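A structural walkthrough
The residues making up each chain are set out below.
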Amino acid sequence: LNVFNTSCVLADPKTSSDANYFRVEGIIGHEYFHNWTGNRVTCRDWFQLTLKEGLTVFRDQQFSGQINNCAAVTRISNVLTVRGMQFK
């Protein structure tokens, strides 16, 4: 069962901001990636639920980061670059 607020699915080009479009992309991407992380599986306990949701959120953030060249995703590579230069 997917329940959405209509502002998260239907974005009007006349009234929606870029942030609205990013939110729509994130929510639809999140639900799309549930197809690969057990959307139709009943979780036995809270651990399985957090594992399923955590993996889905991770994949959604990776997708959004690649599409939008998001700084939150590139920060990991920046840290690795700095560590590589610092500890030669």
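As a starting point, this report considers the structure included with it. Fair warning: this is a prediction, and the values are worked out from it, not measured in the lab. For every chain, the first residue of the written sequence is number 1, and numbering continues from 1 onward in sequence order. Whole-chain, interface and lining totals are the exception, using all residues; otherwise, since this is a predicted model, local features are given only for residues with pLDDT of at least 70 and side-chain atom pairs are given and counted only at 80 or more. By convention in this description, side-chain values take in all heavy atoms of the structure and omit both hydrogens and water.

Some details on the side chain of His34
Numbering of helices and strands runs from the N terminus; a helix is a DSSP stretch of H or I covering at least four residues, while a strand is a stretch of E covering at least two. Tracing the backbone through its elements, the reader meets His34 in the loop between α2 (18-33) and α3 (46-68). Here the side chain of His34 touches His30 through a polar contact of 3.2 Å, side chain to side chain. A polar side-chain atom of His34 sits 3.0 Å from a polar atom in the side chain of Glu53. Distance and chemistry together define a polar contact, namely a pair of N or O atoms within 3.5 Å, with one atom able to donate a hydrogen and the other to accept it when in protein, and with adjacent residues in sequence counting only for side-chain atoms on both sides.

Quick look at the side chain of Thr56
As for its placement among the helices and strands, Thr56 is situated in helix α3. Thr56 gets classed as buried once you look at its relative accessible area, which sits at 0%. At 2.8 Å, the side chain of Thr56 and the backbone oxygen of Lys52 are in polar contact. Pairs of residues are marked as contacts when any of their non-hydrogen atoms sit within 4.5 Å. With residues near it in sequence (within four places) discarded, Thr56 still touches His30, Phe33, His34 and Thr37. Each residue is placed in one exposure class: buried if its accessible area under a 1.4 Å probe, protein chains only, is under 20% of its type's maximum, exposed if it is over 50%, and partly exposed if it falls in between.

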